[in-house]
Amino acid sequence: MTAMVPRLFLDHFHPTSLIAEDAEDADGLGGFLIGFMSPAYPDEAYIHFVGVRPDLRRGGLARELYERFFELARAHGRVRVRAITGPANTASIRYHTAMGFTVRGPVPDRDGPGQDRMEFERSLDVGGAA
Ligand SMILES: CC(C)(COP(=O)(O)OP(=O)(O)OC[C@H]1O[C@@H](n2cnc3c(N)ncnc32)[C@H](O)[C@@H]1OP(=O)(O)O)[C@@H](O)C(=O)NCCC(=O)NCCS
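**Side note on the nonpolar core**
Here is step 1 of the chain: Ile47, Tyr66, Phe69, Phe70, Val81 and Phe101 are the most contacted members of the largest nonpolar core, which totals 21 residues.
Here is step 2 of the chain: The set of elements that each furnish at least two residues to this core consists of strand E2 (29–37), strand E3 (44–52), helix H2 (61–75), strand E4 (80–85), helix H3 (90–98) and strand E6 (117–123).
Here is step 3 of the chain: At 6 residues, H2 tops the list of elements feeding residues into this core.

This is how it looks when you write it as C-alpha coordinates:
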(Lines give C-alpha, C1' and ligand atoms only; values in the text may rest on other atoms or scores of the structure.)
Protein backbone atom coordinates (compact mmCIF):
# COMPACT_ATOMS: atom_id res chain seq x y z
CA MET A 1 0.00 0.00 0.00
CA THR A 2 3.03 2.34 0.05
CA ALA A 3 2.04 3.50 -3.45
CA MET A 4 -1.04 5.05 -1.80
CA VAL A 5 1.09 7.58 0.05
CA PRO A 6 3.55 9.38 -2.22
CA ARG A 7 5.44 12.15 -0.47
CA LEU A 8 3.29 14.92 -1.95
CA PHE A 9 0.51 13.95 0.48
CA LEU A 10 2.84 14.52 3.43
CA ASP A 11 4.32 17.72 2.01
CA HIS A 12 1.01 19.37 1.18
CA PHE A 13 -1.58 17.90 3.56
CA HIS A 14 0.27 17.61 6.88
CA PRO A 15 -1.72 20.50 8.46
CA THR A 16 -4.90 18.40 8.27
CA SER A 17 -3.32 14.96 8.71
CA LEU A 18 -2.66 13.08 11.94
CA ILE A 19 0.03 10.84 13.38
CA ALA A 20 -0.44 8.51 16.36
CA GLU A 21 2.83 8.05 18.20
CA ASP A 22 3.67 4.94 20.21
CA ALA A 23 6.12 6.07 22.86
CA GLU A 24 7.02 2.47 23.70
CA ASP A 25 8.15 1.62 20.16
CA ALA A 26 11.59 2.57 18.80
CA ASP A 27 10.10 3.58 15.47
CA GLY A 28 7.35 5.53 17.24
CA LEU A 29 4.69 5.29 14.57
CA GLY A 30 1.43 3.65 15.64
CA GLY A 31 -0.83 4.89 12.89
CA PHE A 32 -1.62 7.83 10.69
CA LEU A 33 -4.38 9.51 8.73
CA ILE A 34 -3.99 11.62 5.62
CA GLY A 35 -6.92 13.92 5.04
CA PHE A 36 -7.70 17.35 3.67
CA MET A 37 -10.42 19.94 3.29
CA SER A 38 -11.69 19.62 -0.28
CA PRO A 39 -10.66 22.65 -2.36
CA ALA A 40 -13.39 21.83 -4.90
CA TYR A 41 -16.28 21.20 -2.48
CA PRO A 42 -16.28 23.75 0.37
CA ASP A 43 -18.60 21.71 2.59
CA GLU A 44 -16.61 18.47 2.29
CA ALA A 45 -13.52 16.90 3.79
CA TYR A 46 -11.75 13.89 2.32
CA ILE A 47 -9.75 11.11 3.95
CA HIS A 48 -7.19 9.73 1.54
CA PHE A 49 -5.66 7.05 3.77
CA VAL A 50 -5.69 5.67 7.28
CA GLY A 51 -3.26 3.05 8.46
CA VAL A 52 -2.72 1.39 11.84
CA ARG A 53 0.32 -0.72 12.67
CA PRO A 54 -0.77 -4.38 12.41
CA ASP A 55 -0.09 -5.22 16.07
CA LEU A 56 -2.19 -2.26 17.22
CA ARG A 57 -5.28 -2.99 15.12
CA ARG A 58 -8.74 -3.54 16.64
CA GLY A 59 -7.82 -1.35 19.59
CA GLY A 60 -9.77 1.73 18.53
CA LEU A 61 -6.84 3.73 17.13
CA ALA A 62 -8.33 4.31 13.66
CA ARG A 63 -11.61 5.28 15.33
CA GLU A 64 -9.77 7.91 17.40
CA LEU A 65 -7.91 9.24 14.34
CA TYR A 66 -11.20 9.56 12.45
CA GLU A 67 -12.99 11.24 15.35
CA ARG A 68 -10.19 13.79 15.66
CA PHE A 69 -10.32 14.44 11.92
CA PHE A 70 -14.12 14.87 12.10
CA GLU A 71 -13.58 17.59 14.74
CA LEU A 72 -11.00 19.28 12.54
CA ALA A 73 -13.35 19.15 9.55
CA ARG A 74 -16.22 20.62 11.61
CA ALA A 75 -13.91 23.42 12.73
CA HIS A 76 -13.30 24.16 9.04
CA GLY A 77 -17.06 24.33 8.43
CA ARG A 78 -17.29 20.99 6.65
CA VAL A 79 -20.52 18.97 6.94
CA ARG A 80 -19.55 15.77 5.14
CA VAL A 81 -16.56 13.40 4.88
CA ARG A 82 -15.83 11.13 1.94
CA ALA A 83 -13.33 8.32 1.37
CA ILE A 84 -12.91 5.39 -1.01
CA THR A 85 -11.31 1.94 -0.97
CA GLY A 86 -10.90 -1.11 -3.18
CA PRO A 87 -13.71 -3.71 -3.18
CA ALA A 88 -11.29 -6.37 -1.88
CA ASN A 89 -10.41 -4.38 1.25
CA THR A 90 -13.04 -5.95 3.50
CA ALA A 91 -11.38 -4.62 6.68
CA SER A 92 -11.69 -1.06 5.38
CA ILE A 93 -15.31 -1.60 4.31
CA ARG A 94 -16.22 -3.02 7.72
CA TYR A 95 -14.32 -0.29 9.51
CA HIS A 96 -16.04 2.50 7.56
CA THR A 97 -19.44 0.87 8.09
CA ALA A 98 -18.73 0.72 11.84
CA MET A 99 -17.76 4.41 11.70
CA GLY A 100 -21.19 5.36 10.34
CA PHE A 101 -20.32 5.82 6.67
CA THR A 102 -22.75 4.84 3.94
CA VAL A 103 -21.19 2.45 1.43
CA ARG A 104 -21.77 2.57 -2.32
CA GLY A 105 -20.24 0.22 -4.85
CA PRO A 106 -18.32 -1.35 -6.35
CA VAL A 107 -18.34 1.62 -8.74
CA PRO A 108 -16.93 0.21 -12.00
CA ASP A 109 -13.79 1.87 -13.44
CA ARG A 110 -13.98 4.70 -10.88
CA ASP A 111 -10.20 5.14 -10.82
CA GLY A 112 -9.57 4.05 -14.43
CA PRO A 113 -10.16 0.91 -16.51
CA GLY A 114 -10.59 -2.09 -14.22
CA GLN A 115 -10.08 0.06 -11.11
CA ASP A 116 -13.38 -0.41 -9.29
CA ARG A 117 -13.83 1.37 -5.97
CA MET A 118 -16.16 1.49 -2.97
CA GLU A 119 -17.34 5.00 -2.04
CA PHE A 120 -17.91 6.04 1.59
CA GLU A 121 -19.80 9.09 2.81
CA ARG A 122 -20.64 10.30 6.30
CA SER A 123 -22.45 13.37 7.57
CA LEU A 124 -20.68 15.27 10.33
CA ASP A 125 -23.98 15.98 12.07
CA VAL A 126 -23.03 19.62 12.53
CA GLY A 127 -25.09 21.02 15.38
CA GLY A 128 -26.26 17.57 16.51
CA ALA A 129 -24.85 14.47 18.19
CA ALA A 130 -22.02 12.81 16.26
C1 LIG B 1 -8.79 -0.38 8.43
C2 LIG B 1 -7.87 -0.08 9.62
C3 LIG B 1 -7.32 1.34 9.48
C4 LIG B 1 -8.70 -0.18 10.92
O5 LIG B 1 -7.87 0.25 12.01
P6 LIG B 1 -8.15 -0.23 13.51
O7 LIG B 1 -7.36 0.64 14.44
O8 LIG B 1 -7.95 -1.68 13.62
O9 LIG B 1 -9.70 0.10 13.66
P10 LIG B 1 -10.51 0.28 15.05
O11 LIG B 1 -9.92 -0.59 16.10
O12 LIG B 1 -10.61 1.75 15.38
O13 LIG B 1 -11.93 -0.30 14.62
C14 LIG B 1 -13.16 0.38 14.84
C15 LIG B 1 -14.27 -0.57 14.45
O16 LIG B 1 -14.20 -0.83 13.04
C17 LIG B 1 -14.55 -2.21 12.79
N18 LIG B 1 -13.38 -2.93 12.22
C19 LIG B 1 -12.08 -2.49 12.15
N20 LIG B 1 -11.31 -3.39 11.54
C21 LIG B 1 -12.11 -4.43 11.23
C22 LIG B 1 -11.90 -5.69 10.61
N23 LIG B 1 -10.66 -6.07 10.17
N24 LIG B 1 -12.96 -6.54 10.45
C25 LIG B 1 -14.19 -6.19 10.88
N26 LIG B 1 -14.46 -5.01 11.50
C27 LIG B 1 -13.43 -4.15 11.67
C28 LIG B 1 -14.97 -2.79 14.13
O29 LIG B 1 -16.36 -2.57 14.31
C30 LIG B 1 -14.17 -1.93 15.08
O31 LIG B 1 -14.70 -1.91 16.38
P32 LIG B 1 -14.40 -3.17 17.38
O33 LIG B 1 -12.93 -3.49 17.26
O34 LIG B 1 -14.82 -2.62 18.71
O35 LIG B 1 -15.26 -4.29 16.88
C36 LIG B 1 -6.69 -1.10 9.72
O37 LIG B 1 -7.20 -2.40 9.56
C38 LIG B 1 -5.58 -0.88 8.69
O39 LIG B 1 -4.61 -0.13 8.92
N40 LIG B 1 -5.69 -1.56 7.52
C41 LIG B 1 -4.65 -1.44 6.46
C42 LIG B 1 -4.71 -0.10 5.77
C43 LIG B 1 -6.07 0.15 5.11
O44 LIG B 1 -6.63 -0.74 4.48
N45 LIG B 1 -6.57 1.39 5.26
C46 LIG B 1 -7.87 1.78 4.70
C47 LIG B 1 -7.72 2.15 3.28
S48 LIG B 1 -8.03 3.88 3.04
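So much for the structure itself; the text now carries on.
**Notes on the pairing of E6**
Sheet faces and side chains relate simply in a regular strand, where the side chains alternate between the two faces.
Here is step 1 of the chain: Most of E6 is tucked away: 5 of the 7 residues are buried.
Here is step 2 of the chain: Here E4 pairs with E6 via 6 bridges, running antiparallel. Bridging from a neighbouring strand, Ala83 pairs with Phe120 of E6.
Here is step 3 of the chain: Bridge count for strand E5 (residues 102–107) against E6 is 4 bridges, and the pairing is antiparallel.

**Things to note about the packing of aromatic side chains**
Here is step 1 of the chain: Using the criterion set out here, one finds 9 aromatic pairs in the structure.
Here is step 2 of the chain: Measuring from ring centre to ring centre gives 4.5 Å for Phe13 and Phe36, while their planes differ by 20 degrees; the resulting arrangement is stacked. Here the residue Phe13 occupies a position in helix H1 (residues 7–13), and Phe36 occupies one in strand E2, the gap between them amounting to 23 residues.
Here is step 3 of the chain: Overall, Phe36 belongs to the buried group, its relative accessible area being 16%.
Here is step 4 of the chain: A network of ring pairs unites the aromatic residues Tyr66, Phe70, Tyr95, Phe101 and Phe120 as a single cluster.

**A few points about the pattern of salt bridges**
Opposite charge on two side chains allows them to pair when their charged atoms are near.
Here is step 1 of the chain: Summed over the entire model, instances satisfying the criterion amount to 15 salt bridges.
Here is step 2 of the chain: With a shortest N-O distance of 3.1 Å, Asp22 and Arg53 are connected by a salt bridge. One end of the pair, Asp22, is in the loop between strand E1 (18–21) and E2; the other, Arg53, is in the loop between E3 and H2, and 31 residues separate them in sequence. Neither residue differs from the other here; Asp22 and Arg53 are each classed as buried.
Here is step 3 of the chain: A salt bridge links Arg53 to Asp55, with the nearest nitrogen and oxygen atoms 2.8 Å apart.
Here is step 4 of the chain: With a relative accessible area of 19%, Arg53 lands in the buried category.
Here is step 5 of the chain: Asp55 gets classed as exposed once you look at its relative accessible area, which sits at 56%.
Here is step 6 of the chain: Connected through salt bridges with shared partners, the residues Asp43, Glu44, Arg80, Arg82 and Glu121 form a single ionic network.

**Considering the sheet that holds E3**
Hydrogen bonding along the main chain pairs the strands of a sheet, whether they run parallel or antiparallel.
Here is step 1 of the chain: Taken in spatial order, the 6 strands line up as E1-E2-E3-E4-E6-E5 in an open sheet, and their pairing is mixed. The sheet is open, and its two borders are formed by E1 and E5, each paired with just one other strand. With direction set aside, neighbouring strand axes in the sheet form an average angle of 20 degrees.
Here is step 2 of the chain: With 7 bridges joining them, E2 and E3 adopt antiparallel strand pairing. Among the inter-strand pairings, Phe32 is bridged to a residue of E3, identified as Gly51.

Criteria and thresholds
- Residues numbered from 1 in each chain as written.
- Predicted model: local features only at pLDDT ≥ 70, side-chain atom pairs only at ≥ 80, totals over all residues.
- Heavy atoms only, no water.
- Core = buried A, V, L, I, M, F, W, Y, C linked by side-chain atoms within 4.5 Å.
- Buried < 20%, exposed > 50% of the residue type's maximum accessible area, 1.4 Å probe, protein only.
- Helix = DSSP H or I, 4+ residues; strand = E, 2+ residues; numbered from the N terminus.
- Pairing = 2+ DSSP bridges.
- Phe/Tyr/Trp six-rings, centres within 6.5 Å; stacked < 30°, edge-to-face > 60°.
- Salt bridge = Lys/Arg side-chain N within 4 Å of Asp/Glu carboxyl O.
- Axes fitted to C-alpha atoms, helices over the stretch in contact; angles between N-to-C directions.

Geometric values such as these leave the question of function open.
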